[in-house]
Amino acid sequence: MTLAEIKEKLKTGLRSESMAKAIETFGANPKKPLGKLNPWAWWVEITRGCNLRCAFCATRLFERGDYHHMDEATWRALLGVMSELTPRTRLEFGNAGEPTLHPDLLRYLRIARETCPHVQIMTHTNGTTLTSGALTYKQLFDAGMNAMFVDMYAPYAVHKKLAEESGYQWYHESEKPEGVPNVFEYQNDPNLHVIRLSESPYSWSEKKSSRGHLQTFFNDLDWKAAGAFDMTPVTSPPRRRCDLPSKFISINHDGTFSFCCWDFMRHTAKEFGNINNGMEDFFAFWLGAYMQDTRQKVHNKDRASHELCSKCSFVSIRGDIPYWKGGTEQFWDGKAWRTLPPYVPVAAPDGKIKTMRRSESLFDIDVNRLLPKKRNVFGEAVKPRGK
(Lines give C-alpha, C1' and ligand atoms only; values in the text may rest on other atoms or scores of the structure.)
Protein backbone atom coordinates (compact mmCIF):
# COMPACT_ATOMS: atom_id res chain seq x y z
CA MET A 1 0.00 0.00 0.00
CA THR A 2 1.33 3.44 -0.94
CA LEU A 3 1.44 6.52 1.25
CA ALA A 4 -1.25 8.13 -0.93
CA GLU A 5 -3.57 5.15 -0.35
CA ILE A 6 -2.91 5.16 3.37
CA LYS A 7 -3.54 8.90 3.46
CA GLU A 8 -7.01 8.43 1.96
CA LYS A 9 -7.84 5.72 4.51
CA LEU A 10 -6.67 7.93 7.38
CA LYS A 11 -8.85 10.82 6.26
CA THR A 12 -12.00 8.72 6.73
CA GLY A 13 -13.79 9.00 10.08
CA LEU A 14 -11.29 11.46 11.56
CA ARG A 15 -12.86 14.06 13.84
CA SER A 16 -9.74 15.81 15.13
CA GLU A 17 -9.21 19.00 13.18
CA SER A 18 -5.51 19.25 14.10
CA MET A 19 -4.81 15.63 13.08
CA ALA A 20 -6.81 16.10 9.86
CA LYS A 21 -4.63 19.09 8.97
CA ALA A 22 -1.48 17.09 9.72
CA ILE A 23 -2.55 14.14 7.54
CA GLU A 24 -3.44 16.52 4.73
CA THR A 25 0.27 17.44 4.56
CA PHE A 26 1.25 13.82 3.74
CA GLY A 27 3.05 13.69 0.40
CA ALA A 28 3.06 17.46 -0.13
CA ASN A 29 6.83 17.74 0.34
CA PRO A 30 8.88 14.88 -1.21
CA LYS A 31 11.68 15.61 1.25
CA LYS A 32 9.30 15.14 4.18
CA PRO A 33 6.46 12.90 3.00
CA LEU A 34 4.99 12.67 6.53
CA GLY A 35 4.60 16.43 6.62
CA LYS A 36 3.76 17.75 10.09
CA LEU A 37 4.14 14.27 11.59
CA ASN A 38 7.68 13.82 10.30
CA PRO A 39 9.81 12.39 13.15
CA TRP A 40 13.05 13.98 14.25
CA ALA A 41 14.88 10.65 14.15
CA TRP A 42 14.62 6.87 14.11
CA TRP A 43 16.26 5.11 17.05
CA VAL A 44 17.47 1.71 15.91
CA GLU A 45 18.66 -1.18 18.08
CA ILE A 46 20.97 -2.81 15.54
CA THR A 47 22.53 -4.90 18.34
CA ARG A 48 20.93 -5.99 21.59
CA GLY A 49 23.54 -6.62 24.27
CA CYS A 50 26.60 -4.79 25.51
CA ASN A 51 30.20 -5.71 26.30
CA LEU A 52 30.21 -3.47 29.41
CA ARG A 53 28.24 -3.91 32.62
CA CYS A 54 27.71 -0.37 33.83
CA ALA A 55 25.94 0.15 37.14
CA PHE A 56 23.59 2.75 35.67
CA CYS A 57 22.46 0.76 32.60
CA ALA A 58 19.68 -1.82 32.15
CA THR A 59 21.86 -3.94 29.83
CA ARG A 60 23.59 -5.09 33.03
CA LEU A 61 20.49 -7.25 33.56
CA PHE A 62 21.09 -9.17 30.31
CA GLU A 63 22.79 -12.55 30.21
CA ARG A 64 26.54 -12.12 29.80
CA GLY A 65 27.61 -12.47 26.18
CA ASP A 66 24.02 -12.81 24.92
CA TYR A 67 23.93 -10.73 21.74
CA HIS A 68 21.11 -10.37 19.24
CA HIS A 69 21.82 -8.60 15.95
CA MET A 70 19.37 -7.13 13.45
CA ASP A 71 19.25 -9.38 10.39
CA GLU A 72 19.57 -8.11 6.83
CA ALA A 73 15.90 -8.63 5.95
CA THR A 74 14.80 -6.43 8.86
CA TRP A 75 17.45 -3.83 8.05
CA ARG A 76 16.31 -3.63 4.42
CA ALA A 77 12.65 -3.49 5.46
CA LEU A 78 13.41 -0.58 7.79
CA LEU A 79 15.32 1.28 5.10
CA GLY A 80 12.49 0.66 2.65
CA VAL A 81 9.95 2.30 4.95
CA MET A 82 12.34 5.15 5.71
CA SER A 83 12.99 5.82 2.03
CA GLU A 84 9.23 6.14 1.44
CA LEU A 85 8.24 8.08 4.54
CA THR A 86 11.32 9.94 5.83
CA PRO A 87 14.04 10.09 3.14
CA ARG A 88 15.71 13.08 4.79
CA THR A 89 15.90 12.49 8.50
CA ARG A 90 18.28 11.09 11.12
CA LEU A 91 18.90 7.45 12.01
CA GLU A 92 20.61 6.85 15.34
CA PHE A 93 22.01 3.50 16.45
CA GLY A 94 21.59 2.89 20.15
CA ASN A 95 18.87 1.52 22.42
CA ALA A 96 19.71 -1.67 24.36
CA GLY A 97 23.14 -2.55 23.02
CA GLU A 98 26.56 -1.56 21.68
CA PRO A 99 25.99 -0.94 17.94
CA THR A 100 29.61 -1.41 16.87
CA LEU A 101 29.50 -5.08 17.93
CA HIS A 102 27.26 -5.89 14.96
CA PRO A 103 29.34 -8.21 12.72
CA ASP A 104 27.92 -6.70 9.50
CA LEU A 105 27.82 -3.06 10.55
CA LEU A 106 30.04 -1.78 7.74
CA ARG A 107 28.09 -3.68 5.08
CA TYR A 108 24.77 -2.48 6.51
CA LEU A 109 26.02 1.10 6.33
CA ARG A 110 26.84 0.65 2.65
CA ILE A 111 23.36 -0.77 2.03
CA ALA A 112 21.86 2.26 3.79
CA ARG A 113 23.83 4.65 1.62
CA GLU A 114 22.48 2.96 -1.51
CA THR A 115 18.88 2.89 -0.25
CA CYS A 116 18.65 6.17 1.68
CA PRO A 117 21.44 8.43 0.43
CA HIS A 118 20.16 11.49 2.32
CA VAL A 119 19.51 9.88 5.72
CA GLN A 120 21.97 11.15 8.35
CA ILE A 121 23.37 8.20 10.31
CA MET A 122 24.90 8.46 13.78
CA THR A 123 25.90 5.82 16.28
CA HIS A 124 26.17 6.02 20.03
CA THR A 125 29.07 3.89 21.21
CA ASN A 126 31.07 3.11 24.33
CA GLY A 127 34.20 3.39 22.17
CA THR A 128 35.68 0.01 23.11
CA THR A 129 35.90 -1.23 19.53
CA LEU A 130 37.68 1.99 18.58
CA THR A 131 40.23 1.96 21.38
CA SER A 132 40.92 -1.74 20.79
CA GLY A 133 41.50 -1.20 17.07
CA ALA A 134 38.68 -3.53 15.99
CA LEU A 135 37.16 -0.61 14.07
CA THR A 136 38.47 2.75 12.92
CA TYR A 137 36.76 6.04 12.29
CA LYS A 138 37.85 5.82 8.65
CA GLN A 139 36.20 2.44 8.18
CA LEU A 140 32.96 3.67 9.67
CA PHE A 141 32.85 6.98 7.81
CA ASP A 142 33.90 5.41 4.50
CA ALA A 143 31.07 2.88 4.84
CA GLY A 144 28.45 5.60 5.35
CA MET A 145 28.43 6.78 8.95
CA ASN A 146 27.97 10.54 9.37
CA ALA A 147 28.46 11.12 13.09
CA MET A 148 29.95 9.32 16.09
CA PHE A 149 28.77 9.96 19.64
CA VAL A 150 31.47 8.38 21.78
CA ASP A 151 31.03 7.87 25.51
CA MET A 152 34.57 7.55 26.83
CA TYR A 153 35.48 4.50 28.90
CA ALA A 154 39.19 4.96 28.28
CA PRO A 155 41.34 7.98 29.20
CA TYR A 156 40.47 11.16 27.34
CA ALA A 157 44.02 11.29 26.02
CA VAL A 158 43.47 7.96 24.23
CA HIS A 159 40.23 9.10 22.60
CA LYS A 160 41.65 12.50 21.75
CA LYS A 161 44.62 10.90 20.00
CA LEU A 162 42.36 8.62 17.94
CA ALA A 163 40.12 11.52 16.96
CA GLU A 164 43.04 13.79 16.02
CA GLU A 165 44.77 11.08 14.00
CA SER A 166 41.54 10.28 12.14
CA GLY A 167 41.65 13.62 10.33
CA TYR A 168 37.92 14.22 10.82
CA GLN A 169 36.18 17.06 12.65
CA TRP A 170 35.91 16.26 16.33
CA TYR A 171 35.22 17.96 19.64
CA HIS A 172 34.74 17.29 23.32
CA GLU A 173 31.18 17.88 24.50
CA SER A 174 32.29 20.75 26.74
CA GLU A 175 34.25 22.55 24.01
CA LYS A 176 32.28 22.49 20.75
CA PRO A 177 34.05 24.84 18.30
CA GLU A 178 31.97 27.39 16.47
CA GLY A 179 30.90 26.15 13.07
CA VAL A 180 31.10 22.44 13.86
CA PRO A 181 27.74 20.78 13.00
CA ASN A 182 25.38 19.75 15.77
CA VAL A 183 25.13 15.95 15.58
CA PHE A 184 21.55 16.09 16.89
CA GLU A 185 20.30 18.21 13.98
CA TYR A 186 19.74 17.11 10.40
CA GLN A 187 22.42 18.78 8.29
CA ASN A 188 21.36 17.66 4.77
CA ASP A 189 24.97 16.79 4.01
CA PRO A 190 25.71 13.18 2.94
CA ASN A 191 29.43 13.92 3.32
CA LEU A 192 29.11 15.00 6.94
CA HIS A 193 31.75 13.36 9.18
CA VAL A 194 32.00 14.51 12.79
CA ILE A 195 33.05 12.95 16.11
CA ARG A 196 31.70 14.00 19.49
CA LEU A 197 33.57 12.79 22.59
CA SER A 198 31.46 12.67 25.73
CA GLU A 199 32.08 11.81 29.35
CA SER A 200 30.47 8.61 30.57
CA PRO A 201 27.89 9.03 33.37
CA TYR A 202 30.52 7.77 35.82
CA SER A 203 32.40 11.03 35.36
CA TRP A 204 29.65 13.50 34.57
CA SER A 205 30.10 16.90 36.14
CA GLU A 206 27.67 17.97 38.82
CA LYS A 207 26.18 20.44 36.36
CA LYS A 208 25.53 17.79 33.71
CA SER A 209 24.18 15.32 36.26
CA SER A 210 21.67 17.93 37.46
CA ARG A 211 20.14 18.29 33.98
CA GLY A 212 18.02 15.18 34.42
CA HIS A 213 19.62 13.07 31.68
CA LEU A 214 20.16 10.06 33.92
CA GLN A 215 17.79 7.16 33.23
CA THR A 216 16.41 4.43 35.45
CA PHE A 217 14.97 2.59 32.42
CA PHE A 218 11.52 2.48 34.02
CA ASN A 219 13.22 1.21 37.19
CA ASP A 220 14.77 -1.77 35.41
CA LEU A 221 18.25 -1.64 36.92
CA ASP A 222 20.54 -3.78 39.04
CA TRP A 223 19.75 -1.74 42.12
CA LYS A 224 22.54 -3.22 44.19
CA ALA A 225 25.07 -1.90 41.65
CA ALA A 226 23.19 1.36 41.00
CA GLY A 227 22.73 1.95 44.71
CA ALA A 228 26.51 2.07 45.13
CA PHE A 229 26.33 5.32 43.17
CA ASP A 230 23.43 6.67 45.22
CA MET A 231 20.83 5.92 42.54
CA THR A 232 17.29 5.04 43.64
CA PRO A 233 14.11 3.97 41.81
CA VAL A 234 11.64 6.58 40.60
CA THR A 235 8.60 6.66 42.86
CA SER A 236 7.28 10.12 41.93
CA PRO A 237 8.03 11.32 38.39
CA PRO A 238 8.54 15.02 37.69
CA ARG A 239 5.58 16.96 36.34
CA ARG A 240 7.41 17.67 33.13
CA ARG A 241 6.32 17.51 29.50
CA CYS A 242 7.88 14.84 27.27
CA ASP A 243 7.56 15.03 23.51
CA LEU A 244 9.89 12.10 22.79
CA PRO A 245 6.96 9.81 21.81
CA SER A 246 6.10 12.30 19.04
CA LYS A 247 9.63 12.88 17.79
CA PHE A 248 11.47 9.56 17.88
CA ILE A 249 10.54 6.19 16.38
CA SER A 250 12.14 3.28 18.21
CA ILE A 251 12.86 -0.02 16.43
CA ASN A 252 14.14 -3.15 18.20
CA HIS A 253 16.66 -5.54 16.65
CA ASP A 254 13.89 -7.96 15.57
CA GLY A 255 11.88 -5.22 13.86
CA THR A 256 9.32 -4.77 16.61
CA PHE A 257 8.36 -1.26 17.60
CA SER A 258 8.95 0.13 21.09
CA PHE A 259 7.01 3.02 22.58
CA CYS A 260 10.27 4.52 23.90
CA CYS A 261 13.98 4.05 23.25
CA TRP A 262 14.51 3.59 27.02
CA ASP A 263 12.36 0.45 27.16
CA PHE A 264 15.37 -1.89 27.26
CA MET A 265 13.42 -4.72 28.90
CA ARG A 266 10.87 -4.76 26.06
CA HIS A 267 7.73 -4.14 28.12
CA THR A 268 5.90 -3.06 24.96
CA ALA A 269 7.88 -4.79 22.20
CA LYS A 270 5.20 -7.22 21.02
CA GLU A 271 2.21 -4.91 21.14
CA PHE A 272 2.64 -2.84 17.99
CA GLY A 273 3.52 -4.99 14.98
CA ASN A 274 6.78 -5.11 13.06
CA ILE A 275 8.64 -2.94 10.57
CA ASN A 276 9.00 -6.05 8.38
CA ASN A 277 5.29 -5.68 7.60
CA GLY A 278 5.80 -2.28 6.02
CA MET A 279 3.92 0.99 6.22
CA GLU A 280 0.60 -0.41 7.42
CA ASP A 281 2.15 -1.76 10.63
CA PHE A 282 4.07 1.49 11.01
CA PHE A 283 0.93 3.63 11.01
CA ALA A 284 -0.95 1.19 13.25
CA PHE A 285 1.91 1.69 15.73
CA TRP A 286 2.66 5.38 15.27
CA LEU A 287 -0.99 6.46 15.41
CA GLY A 288 -2.19 3.54 17.52
CA ALA A 289 -3.93 3.50 20.89
CA TYR A 290 -0.87 3.06 23.09
CA MET A 291 1.16 5.84 21.46
CA GLN A 292 -1.77 8.27 21.35
CA ASP A 293 -2.64 7.57 24.98
CA THR A 294 1.01 8.06 25.96
CA ARG A 295 1.23 11.36 24.08
CA GLN A 296 -1.98 12.62 25.63
CA LYS A 297 -0.60 12.06 29.10
CA VAL A 298 3.01 13.19 28.77
CA HIS A 299 2.10 16.23 26.67
CA ASN A 300 0.05 17.30 29.69
CA LYS A 301 2.97 16.74 32.10
CA ASP A 302 1.12 13.79 33.59
CA ARG A 303 3.65 10.98 33.69
CA ALA A 304 2.12 9.65 36.89
CA SER A 305 -0.93 8.27 35.06
CA HIS A 306 1.15 6.17 32.63
CA GLU A 307 2.17 2.61 33.51
CA LEU A 308 5.81 3.15 32.48
CA CYS A 309 6.35 6.90 32.30
CA SER A 310 5.40 7.00 35.99
CA LYS A 311 8.77 5.30 36.57
CA CYS A 312 10.77 7.80 34.52
CA SER A 313 12.46 11.02 35.65
CA PHE A 314 14.39 11.69 32.42
CA VAL A 315 14.08 15.27 31.19
CA SER A 316 15.55 16.91 28.13
CA ILE A 317 15.26 20.09 26.11
CA ARG A 318 14.34 17.83 23.18
CA GLY A 319 11.42 16.55 25.22
CA ASP A 320 10.26 20.01 26.27
CA ILE A 321 9.74 21.48 22.80
CA PRO A 322 6.09 20.97 21.72
CA TYR A 323 5.78 19.20 18.38
CA TRP A 324 2.35 17.64 17.92
CA LYS A 325 -0.35 20.13 18.87
CA GLY A 326 -3.47 18.19 19.65
CA GLY A 327 -4.92 15.28 17.70
CA THR A 328 -4.31 12.66 20.40
CA GLU A 329 -7.91 11.98 21.38
CA GLN A 330 -8.37 9.44 18.57
CA PHE A 331 -6.24 6.47 17.48
CA TRP A 332 -5.89 4.38 14.33
CA ASP A 333 -6.43 0.65 14.84
CA GLY A 334 -5.19 -0.31 11.38
CA LYS A 335 -8.64 -0.14 9.83
CA ALA A 336 -10.48 2.79 11.36
CA TRP A 337 -10.21 5.66 13.82
CA ARG A 338 -11.36 4.97 17.38
CA THR A 339 -11.77 7.28 20.34
CA LEU A 340 -9.68 6.98 23.48
CA PRO A 341 -11.47 6.93 26.85
CA PRO A 342 -11.82 10.39 28.43
CA TYR A 343 -8.51 11.54 29.83
CA VAL A 344 -8.48 12.10 33.59
CA PRO A 345 -5.20 13.45 35.06
CA VAL A 346 -3.75 11.77 38.13
CA ALA A 347 -3.01 13.92 41.16
CA ALA A 348 0.56 13.18 42.19
CA PRO A 349 3.49 15.00 43.82
CA ASP A 350 6.11 16.64 41.63
CA GLY A 351 9.07 14.27 41.75
CA LYS A 352 12.76 15.01 41.45
CA ILE A 353 15.14 14.17 38.64
CA LYS A 354 17.74 11.47 39.30
CA THR A 355 21.45 11.99 39.84
CA MET A 356 24.33 9.66 40.67
CA ARG A 357 27.48 10.03 42.71
CA ARG A 358 30.36 10.99 40.48
CA SER A 359 33.53 8.93 40.58
CA GLU A 360 36.50 11.20 41.29
CA SER A 361 38.31 9.29 38.58
CA LEU A 362 36.71 6.96 36.10
CA PHE A 363 39.70 4.72 36.48
CA ASP A 364 39.19 4.02 40.15
CA ILE A 365 36.25 2.02 38.79
CA ASP A 366 38.45 0.09 36.33
CA VAL A 367 36.69 -0.55 33.04
CA ASN A 368 37.91 -4.16 33.10
CA ARG A 369 35.54 -4.75 36.03
CA LEU A 370 32.66 -3.64 33.80
CA LEU A 371 33.46 -6.35 31.27
CA PRO A 372 32.20 -9.92 31.56
CA LYS A 373 34.60 -12.02 33.64
CA LYS A 374 37.52 -13.47 31.69
CA ARG A 375 36.29 -11.82 28.46
CA ASN A 376 37.70 -8.97 26.42
CA VAL A 377 35.64 -6.27 24.68
CA PHE A 378 34.72 -8.74 21.93
CA GLY A 379 33.50 -11.40 24.35
CA GLU A 380 36.55 -13.58 23.68
CA ALA A 381 38.04 -15.65 26.48
CA VAL A 382 41.24 -14.20 27.93
CA LYS A 383 43.71 -15.37 30.55
CA PRO A 384 43.48 -13.81 34.02
CA ARG A 385 45.98 -11.06 34.70
CA GLY A 386 49.41 -12.18 35.78
CA LYS A 387 49.11 -15.62 34.19
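Higher on the page you've got the structure.
Read on for a plain summary of the structure. (Residues numbered from 1 in each chain as written. Predicted model: local features only at pLDDT ≥ 70, side-chain atom pairs only at ≥ 80, totals over all residues. Heavy atoms only, no water.)

1. Some words on the packing of helix α3 (residues 72–85) against helix α4 (residues 105–115)
Condition: Under this scheme, a helix contributes an axis fitted over its contacting stretch, all axes are lines through C-alpha atoms, and angles between N-to-C directions fall in the 0 to 180 degree range. Numbering goes from the N terminus for both helices and strands, where a helix is a DSSP run of H or I of at least four residues and a strand is a run of E of at least two. Here the word oblique covers every angle except those under 35 degrees (roughly parallel), over 145 (roughly antiparallel) and from 65 to 115 (roughly perpendicular). Left-handed is the label given to a crossing in which the near helix is rotated counterclockwise from the far helix by less than a right angle, and right-handed is the label when the rotation is clockwise. Any two residues whose heavy atoms approach within 4.5 Å at even a single point are treated as in contact. By the convention adopted, Pro, Cys, Tyr, Trp, Phe, Met, Ile, Leu, Val and Ala count as nonpolar, Lys, Arg, Asp and Glu as charged, and the other residues, Gly among them, as polar.
Across the interface, α3 lies against α4 with an axial gap of 10 Å and an inter-helix angle of 25 degrees. In terms of their interaxial angle, α3 and α4 are classed as roughly parallel. When you trace α3 past α4, the crossing you get is right-handed. Each of Glu72, Trp75, Arg76, Leu79 and Ser83 in α3 lies in contact with α4, whose residues at this interface are Arg107, Tyr108, Ile111, Ala112 and Thr115. For the contact of α3 with α4, a count of residues per class yields five nonpolar, two polar and three charged.

2. Topic: the packing of aromatic side chains
Applicable threshold: Between rings of Phe, Tyr and Trp, where Trp is taken as its six-membered ring, a pair exists when centres lie within 6.5 Å; planes separated by under 30 degrees are stacked, by over 60 edge-to-face, and by other angles tilted. Relative accessibility decides the category of a residue: with a 1.4 Å probe and only protein chains considered, values under 20% of the type maximum give buried, values over 50% give exposed, and everything between is partly exposed. For a Lys NZ or an Arg CZ to count as sitting over a ring, it must be within 6 Å of the ring centre and within 35 degrees of the ring normal.
Following the criterion strictly, the structure yields 23 aromatic pairs and no others. Centroid distance Trp40 to Phe248: 6.2 Å. Interplanar angle 80 degrees. Geometry classified as edge-to-face. Note that Trp40 is positioned in the loop between α2 (17–24) and β1 (41–44) and Phe248 in strand β9 (residues 248–251), a separation of 208 residues in sequence. For Phe248, a relative accessible area of 8% translates into the label buried. A centroid spacing of 5.2 Å and a plane angle of 55 degrees characterise the contact between Tyr202 and Phe229, whose relative ring orientation is tilted. Placement of Tyr202 in the loop between β8 (194–199) and α8 (206–209) and of Phe229 in the loop between α9 (223–227) and α10 (244–247) is noted, with a sequence separation of 27 residues between them. Residue Tyr202 is classed as buried on the basis of its relative accessible area of 1%. Overall, Phe229 belongs to the buried group, its relative accessible area being 12%. One Lys or Arg, Lys247, reaches over the ring of Trp40 and ends 4.3 Å from the middle of that ring. A cation over an aromatic ring shows up here: Arg295 above the ring of Trp286, its NZ or CZ 4.5 Å from the ring centre.

3. Things to note about the pattern of salt bridges
Using the following cut-off: The salt bridge definition used is simple: a Lys or Arg side-chain nitrogen within 4 Å of an Asp or Glu carboxyl oxygen.
Considering all chains together, one arrives at 17 salt bridges under this definition. Each of Lys7, Glu8, Lys11 and Glu24 takes part in one network of salt bridges that share partners.

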